[in-house]
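Close look at the chain arrangement
Here is how the chains run, residue by residue.
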Amino acid sequence: MTEEEKDQVEKNEEEKEDEVDEENGEKVEGAEGAVEGEAAAKKKKKRKKKKKKKKSASNGGDGENTANNNNNNSGVPSKKPHGRGLKENTFTDSYILSGQTEPPTIPIAELFTDGNFPEGEITKHGNPKYDNVFIDNTFRETDAEKRALDRMQSDLYQKVRQAAEVHRTVRKYAQSFIKPGIKLIDMCERLEEKNRELVQEKGLDRGIGFPTGCSLNHVAAHYTPNKGDDTVLQYDDVMKVDFGTQIDGRIIDSAWTVSFNPKYDPLLEAVKEATNCGIREAGIDVRLCDIGEAIQEVMESYEVELNGKTHQVKAIRNLNGHSIGQYQIHAGKSVPIAKSSDTTKMEEGEMYAIETFGSTGRGYIVEDMECSHYMKNFHAPHVPLRLPRSKKLLSHINKTFGTLAFCRRWLEREDGGSFTVNGNKGKQEKYMGALKNLCDVGIVQAYPPLCDVKGCYTAQYEHTLMLRPNCKEIVSRGDDY
């Protein structure tokens, strides 16, 4: 019997009972009849209430419960992000299409048990330009030697793709709860916990690539709340969300901008298109200066009107994209976002973070505010340390973070930044003097927030790409940006 037939049978039985109750109500007389009639009416009301409750449950309830029921059972993405600056067809729960739960709880490695993770966006290499003449790079697509070289790197590609899939899932989850009124420190900790959970954090083998940046308005980068910072996200804020995931030191570095007021849309659009332009231009043998020139041309073709004043969107000329190495977020090459004289070329097999920053201010940043980001220098010299606290802190950094970036919040966690490495005995006490000492001797580098002029607004978009021998793979690309 179908559900509809069952409902019809139940309805017929209830109608018969109602008729009997009405007849009984008419037959009874006097005080006794009134009591029996009242009892019959109550019985009828109770049945109607029960029926209504059952119908509501079959529809998944109302409000938030309905959304959760749809997400969990229907398999159809339905949640939209609170912020702007993402593609129109973006759903924050789109990961359920791959078998993920809502919210996501299944580690990515358990969703793709065959070890084959989703590819990023595959595109052709950009064509290098010499003396204003473009050199055709398309031969790489069909060359047998290049395709053979590409197959030899399949294990590396899978690690990078797994980290990218974790990043996509975590950021979709974050987009579901980033909205005005949330404390930035709560936002960062919630995002980072989900990152650890889905990547199955295991010390230096896999985990978070670097601290979650949530720079606001005129602050372009390198801001994350320290303990005690109760900054709250406001409706008129423009926030850059920048976080990383790493597996075997292969880092995915990707960022987007969150805003809620539509007046900032042209600023976000300018930076997003500039980043996409940089990605299109990138390729083997392409000169870095040519990429920067193309990015600046796109970026500065946009204008944004704020409070009755029109601002040209300016590329922040002293911020750059960068090459990425194993356990090395900045591997030596910088991708400018403005015209420059750097004729260094991109090379086969390299990984790059193509990121652009736009500003309504002067388009130039300086270090300012309290520092939260730190990182051990990749080529740190051996320096004899006299302070016992400095020795202890350096030992903790080496085993927990290596040459990956970290922040003060992580040092103050019970696990000191990694439960796998330290258990619940990793918390660092009274470490600021030791940290300053490590910075002073050149072992650790401090990375303070990078700020344009106060009162202006900055935006950022960023993707990680691999320059494979026969194609270019934008591994962090998603359906959101």
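Let us look at the structure shown here.

Conventions used here
Residues numbered from 1 in each chain as written. Predicted model: local features only at pLDDT ≥ 70, side-chain atom pairs only at ≥ 80, totals over all residues. Heavy atoms only, no water. Salt bridge = Lys/Arg side-chain N within 4 Å of Asp/Glu carboxyl O. Helix = DSSP H or I, 4+ residues; strand = E, 2+ residues; numbered from the N terminus. Buried < 20%, exposed > 50% of the residue type's maximum accessible area, 1.4 Å probe, protein only. Core = buried A, V, L, I, M, F, W, Y, C linked by side-chain atoms within 4.5 Å. Axes fitted to C-alpha atoms, helices over the stretch in contact; angles between N-to-C directions. Parallel < 35°, antiparallel > 145°, perpendicular 65-115°, else oblique. Contact = heavy atoms within 4.5 Å. Pairing = 2+ DSSP bridges. Phe/Tyr/Trp six-rings, centres within 6.5 Å; stacked < 30°, edge-to-face > 60°. Left-handed = near helix turned anticlockwise from the far one by under 90°. Nonpolar A, V, L, I, M, F, W, Y, C, P; charged D, E, K, R; others polar.

**Some thoughts on the pattern of salt bridges**
By the definition in use, this model includes 26 salt bridges. Measuring nitrogen to oxygen at the nearest pair gives 2.6 Å for the salt bridge that ties Lys172 to Asp479. Of this pair, Lys172 sits in helix α6 (residues 154-177) while Asp479 sits in the segment after β20 (472-474); the two residues are 307 residues apart in sequence, bridging distant segments of the chain. Overall, the relative accessible area of 5% leaves Lys172 in the buried class. Note that Arg409 is salt-bridged to Glu192, the shortest N-O span being 3.0 Å. With a gap of 217 residues between them, Arg409 in helix α11 (residues 408-411) and Glu192 in helix α7 (residues 184-199) connect regions that are remote in the sequence. The exposure class assigned to Arg409 is buried, which follows from its relative accessible area of 6%. A single salt-bridge network, built from bridges that share partners, covers Glu119, Asp150, Arg161, Arg468 and Glu473.

**Some thoughts on unusual backbone geometry**
Between Glu102 and the following residue, Pro103, the backbone shows a cis peptide bond with an omega angle of -5 degrees. With respect to the helices and strands, the residue Pro103 is situated in the loop between α3 (64-74) and α4 (108-111). Positive phi, close to 55 degrees, is recorded for Asn217, a residue that is not glycine. Relative to the elements of secondary structure, Asn217 occurs in the loop between β4 (206-216) and β5 (219-221). Judged by relative accessible area, which is 17%, Asn217 ranks as buried.

**Some points on the nonpolar core**
Counting 87 residues, the largest nonpolar core has Ile178, Met239, Trp256 and Met346 as its most contacted members. The element best represented in this core is α6, accounting for nine residues. In this structure, Phe401, Cys407, Leu411 and Leu435 belong to the second largest nonpolar core, which totals 18 residues.

**Structural notes on the packing of helix α10 (residues 388-400) against helix α13 (residues 432-440)**
Contact geometry for α10 and α13: axes closest at 8 Å, N-to-C directions at 80 degrees. As far as their axial angle goes, α13 and α10 are roughly perpendicular. The segment α10 lies against α13, with Arg389, Ser390, Leu393, Leu394 and Ile397 engaging Ala434, Leu435, Asn437 and Leu438.

**Remarks on the sheet that holds strand β15 (residues 373-376)**
Strands belonging to one sheet form pairs held by backbone hydrogen bonds; the direction of such a pair is parallel or antiparallel. Spatial ordering of the open sheet is given by β16-β15-β17, a layout of three strands whose pairing is antiparallel. The sheet terminates laterally at β16 (406-407) and β17 (444-447), the two strands that pair on one side only. As judged from the four bridges shared by β15 and β17, these two strands associate in the antiparallel manner. Looking at the pairing, Lys376 lines up with Val444 of β17.

**Some remarks on the packing of aromatic side chains**
Across all of its chains, the model carries nine aromatic pairs by this definition. Measuring from centroid to centroid gives 6.5 Å for Phe243 and Trp256, while their planes differ by 80 degrees, and the two rings are edge-to-face. Highlighted residues: Phe243 in strand β6 (residues 238-247) and Trp256 in strand β7 (residues 250-259), separated in sequence by 13 residues. Note on accessibility: Phe243 and Trp256 belong to one class, buried.

**With respect to the pairing of strand β11 (residues 320-324)**
Along a regular strand, successive side chains alternate from one face of the sheet to the other. Counted residue by residue, β11 has four buried out of five residues, so it is predominantly covered. Judged from the three bridges that link them, β11 and strand β12 (residues 334-336) form a sheet pairing that is antiparallel. When the sheet's bridge partners are listed, Asn320 is paired in β12 with Pro336. Sheet topology note: the β11/strand β13 (residues 351-359) ladder contains three bridges and is antiparallel. Of the residues in β13, the one forming a bridge with His322 is Ala353.

**A word on the sheet that holds β5**
The sheet built from three strands is open, its strands ordered β5-β18-β14 with antiparallel pairing. Two strands close off the open sheet at either side, each with one partner strand: β5 and β14 (366-367). One ladder, built from two bridges, connects β5 with strand β18 (residues 450-451); its direction is antiparallel. When the sheet's bridge partners are listed, Ala221 is paired in β18 with Leu450.

**Brief notes about the packing of α6 against α7**
The relative placement of two packed helices is expressed as an angle between their axes plus a distance between the axes. It is at 10 Å that the axes of α6 and α7 come closest, and there the two elements cross at 150 degrees. Considering the angle they form, α6 stands roughly antiparallel to α7. By crossing handedness, the relation of α6 to α7 is classed as right-handed. Contacts from Val166, Thr169, Val170, Tyr173, Ala174 and Phe177 in α6 reach Met187, Arg190, Leu191, Lys194, Asn195, Leu198 and Val199 in α7. Considering only residue class, the contact of α6 with α7 consists of nine nonpolar, two polar and two charged.

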